[in-house]
Amino acid sequence: MASVWGIDIGKAALKAVKLRRTREGLEIQAIEHIPYPIEDDEDERQEHVNDALRSFLSKHRIGSDTVVVGIPGQHALSRFIQLPPVDRSKLAVMVRMEAQQQIPFPISEVNWDFVQLPQEEPGGEVEVGIFATRSELIDGFLADMQEHGLQPDIVTIVPLAIYNFVRHNGGEFDEATVILDIGAEHTDLVIVDGERFWIRNLRIAGNDITKALAERFKIPFAEAEKLKRSSSKSPQARKIFSAMKPVLKDLLGEIHRSVGFFKSQAEDLDVKRMILLGDGAKLKNLTKFFKEELGYPVTRVQRLEEESFIIDPDVDLDVLKKHLLGLAVPLGLAVQGAGEARCAVNLAPQTLQLQAQLKAKLPLALATVVCSWLALGLSYSYWTSNRDALGRTLKSIKKLNAYQAIQAEAEGLKDFAKEEKAARELAALGEGRLLMLDFLDALGQELPKENGALTPLPADLRRGPVNKQIDYLLEQEARRKKNDRRLWLLDLDVGTVSMDERRGYKVVLTVAKSYDRGNVEPSAVREEIKASFVAGLRSRLTDAPFYVRTGPSASEYGDMTVSTPQIAYGLNPANREDRDTGALECVFVTVSFEIGFPPPEAPKPPAEGEEGGE
Ligand SMILES: Nc1ncnc2c1ncn2[C@@H]1O[C@H](COP(=O)(O)OP(=O)(O)OP(=O)(O)O)[C@@H](O)[C@H]1O
Ligand SMILES: [Mg+2]
């Protein structure tokens, strides 16, 4: 598995962690903590972020590593809802309907996702968390990164990264725990109680403390920041703390209000302890202050648990220790990328999610080729408009149900057929999203994995002397080398076509095979490609959910066209000249076909006697 980067672009620093899943657990391979210059100027911030990103990318090659980023908590919306116990497919439809009610923006303008929380008692109600962020915000956030050539695969929200970190780092949450990540401009509050959790963003954070010091001592922001950080060593420590106290009291008030709010939703919520994170939690005497005010234990995250994380010897332990509080977010992000997150919410646009899936399935070079056609038919706007249409259809089906209950059944049945057709078509569009992935799976299975095995010994030789057997195998091996049996996939071109008024894909594969000139005819190589690779691929694609055709008429479904072979040298068909450079002599063929879904079945007419009946 490639590695995973969790990258947190905070308001004070860029923090990143590189993780790799090993048999022993998640291994931290690299950490980065790049602070921006200290100043209180919003306008300069993006430039500092750009500088930090440049510095990060100049040090680390991301390549095919998975990249996970988090949107700040204040831009996220979260709702927890209870639903009756239903199976997974129905649950998705119900959650979609709920999301439309719960999210205070048109659903087409948000990226949203949901998770089902572990059920407290089997067969009981299902609790679902819905998370959303405005699409334009995510698009802007991603565009800033893409300017640096950084393409995230997963976009979640910072408070969920915090939740995933604390869950992965071990520890019991049988007692309700408040987790507070104090950053520069925001504080994220997460309450964990058994399997339940809640998140909230608080307005007061580290910069407010610095501003209070700057005002009190009439010094510039940067100087006040220095004073804050060195307050433990200052002879004026008491005076400094008393200047900070009103801000800390405000923060405390926000914590009380948040806990009170969640208590109004879950009466049995009884907070018993607090865990602090974020560099803002480095503040001297902070744990003591909270402990006294809250009356329960308050601790900072002190270490990474051995059973949770392994640390590569190249990672500087002193740096890790120094920045641990601030690295919780990128750690939580990377934990999600490594597939270990308790709450794996992904708000990335559909195209990015699809590209990420392709990246996981295909080698990087091929994924890049494949990704180039994504824009063709799977653009995000295409998806959001379909999502909208699906929402509208579902809504009208819901209305129709009520209507059916009170109207004449015959009329109702007629309308239901119409709605069902629309829903079927939209569901098929949803399936279409996965069609290409399924296709790539089939293609991946058909492409040779290894370069041929030793030919088994003929029966008569098997009983003969060993030296003869060895000679035979060596001869076979020499021949195999000469007539390399590898098949290369050189190009994959995908366009969209209409198939029976539904979306289909036109696929053109270019494959190449080296051959033994003098002993084998190119046409024989073509037949071999046809008989092994193409026939194998075709048999994989003719079963559901595929529907393969080459010709424009439905009667030709089931065929693939294999072009006349071309002979060239090297692995580029245009490269015909390098005969004397020891390049491979290859036969090229293109294989073209179309895939899509079978046409929708016409809705069955009501059986005789059913019409108007009960
Ligand atoms: N030694 C220290 N003592 C007190 N406060 C500190 C110390 N070091 C850093 N901070 C404060 O920590 C805050 C930055 O924390 P952190 O790096 O977690 O923020 P961020 O994640 O970049 O910001 P945000 O979460 O708001 O986007 C700043 O307000 C800074 O003043
Ligand atoms: Mg932060």
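Preceding this section is the structure that the text describes.
Definitions and limits used
- Residues numbered from 1 in each chain as written.
- Chains lettered and ligands numbered in written order.
- Predicted model: local features only at pLDDT ≥ 70, side-chain atom pairs only at ≥ 80, totals over all residues.
- Heavy atoms only, no water.
- Pairing = 2+ DSSP bridges.
- Helix = DSSP H or I, 4+ residues; strand = E, 2+ residues; numbered from the N terminus.
- Axes fitted to C-alpha atoms, helices over the stretch in contact; angles between N-to-C directions.
- Contact = heavy atoms within 4.5 Å.
- Buried < 20%, exposed > 50% of the residue type's maximum accessible area, 1.4 Å probe, protein only.
- Parallel < 35°, antiparallel > 145°, perpendicular 65-115°, else oblique.
- Nonpolar A, V, L, I, M, F, W, Y, C, P; charged D, E, K, R; others polar.
- Phe/Tyr/Trp six-rings, centres within 6.5 Å; stacked < 30°, edge-to-face > 60°.
- Near = heavy atom within 4 Å.
- Polar contact = N/O pair within 3.5 Å; in protein donor to acceptor, adjacent residues only side chain to side chain.
- Areas by Shrake-Rupley, 256 points an atom, 1.4 Å probe, with all protein chains shown as cover.
- Core = buried A, V, L, I, M, F, W, Y, C linked by side-chain atoms within 4.5 Å.

(A) Structural context of the sheet that holds strand E12 (residues 271-277). In space, the five strands of this open sheet follow the order E11-E10-E9-E12-E13, with mixed pairing throughout. On the outer flanks of this sheet lie strand E11 (196-202) and strand E13 (298-300), each paired with one strand and no other. Direction aside, the axes of adjacent strands within the sheet are offset by 20° on average. As paired strands, strand E9 (residues 176-182) and E12 are joined by six bridges and run parallel to one another. Residue pairing across strands places Thr 177 opposite Arg 273, the latter belonging to E12. Each of E9, strand E10 (187-193), E11 and E12 is contacted by helix H4 (residues 158-168), which is oriented at about 45° to E10, the strand it contacts most. Sitting on the sheet, helix H8 (residues 286-294) touches E9, E12 and E13, and the angle it makes with E13 is about 160°.

(B) Molecular detail of the sheet that holds strand E6 (residues 110-116). The three strands are arranged E5-E7-E6 in an open sheet whose pairing can be described as antiparallel. Two strands lie at the open edges of the sheet, namely strand E5 (77-83) and E6, each paired on one side alone. On average, each strand axis in the sheet is inclined to that of its neighbour by 20°, with strand direction left out of account. Strand contacts of helix H3 (residues 135-146): E6 and strand E7 (126-134), with the helix running at about 60° to E7, the strand carrying the most contacts.

(C) Looking closely at H4. Most of H4 is tucked away: 11 of the 11 residues are buried. Burial in H4 covers these residues: Val 158, Pro 159, Leu 160, Ala 161, Ile 162, Tyr 163, Asn 164, Phe 165, Val 166, Arg 167 and His 168.

(D) Structural detail: the packing of helix H5 (residues 206-217) against helix H6 (residues 221-229). The interhelical angle for the contact between H5 and H6, taken along N-to-C directions, is 110°, at an axis separation of 8 Å. Judged by the inter-axis angle, H5 sits roughly perpendicular to H6. For the pair H5 and H6, the contacting residues are Gly 206, Asn 207, Ile 209, Thr 210, Lys 211, Leu 213, Ala 214 and Phe 217 in the first and Phe 221, Ala 224, Glu 225, Leu 227 and Lys 228 in the second. Partitioned by chemical class, the residues of the contact of H5 with H6 number seven nonpolar, three polar and three charged.

(E) Region of interest: the packing of aromatic side chains. Considering all chains together, one arrives at 10 aromatic pairs under this definition. Ring geometry for Trp 5 against Phe 56: centres 5.0 Å apart, planes inclined by 85°, an arrangement best described as edge-to-face. Note that Trp 5 is positioned in strand E1 (residues 4-9) and Phe 56 in helix H1 (residues 42-59), a separation of 51 residues in sequence. Arranged with centres 6.3 Å apart and planes meeting at 65°, the rings of Phe 241 and Phe 289 form a pair that is edge-to-face. Taken together, the residues span a long stretch of sequence, with Phe 241 in helix H7 (residues 237-265) and Phe 289 in helix H8 at a distance of 48 residues. When its relative accessible area of 17% is taken as the criterion, Phe 241 is described as buried. Clustering of aromatic rings is evident, with ring pairs tying together Phe 80, Phe 131, Tyr 163 and Phe 197.

(F) Structural view of the site of ligand 1. With respect to spatial proximity, 20 residues lie near ligand 1, and among them Lys 11, Ala 12, Lys 15, Glu 225 and Lys 228 are the closest. One of the side-chain nitrogen or oxygen atoms of Lys 228 is found 2.6 Å away from an oxygen atom of ligand 1. Interatomic distance of 3.0 Å between a backbone N/O atom of Asp 279 and an oxygen atom of ligand 1. Coverage of ligand 1 by the protein amounts to 89% of the 650 Å² it exposes when considered alone. Within the residue set of the shell around ligand 1, elements represented by two or more residues are strand E2 (13-22), H5 and H6. Per element, the largest residue contribution to the shell around ligand 1 is three residues, and it comes from H6.

(G) Structural detail: the nonpolar core. Ile 7, Leu 14, Met 274 and Phe 290 are the most contacted members of the largest nonpolar core, which totals 108 residues. Considering each element in turn, this core owes the most residues, 11 residues, to H7. Once residues lying within four places of it in the same chain are set aside, the contact partners of Met 274 are Val 178, Leu 180, Ile 255, Phe 290, Leu 294, Tyr 296, Pro 297, Val 298 and Thr 299.

Function-wise, these values are silent; they only describe arrangement.
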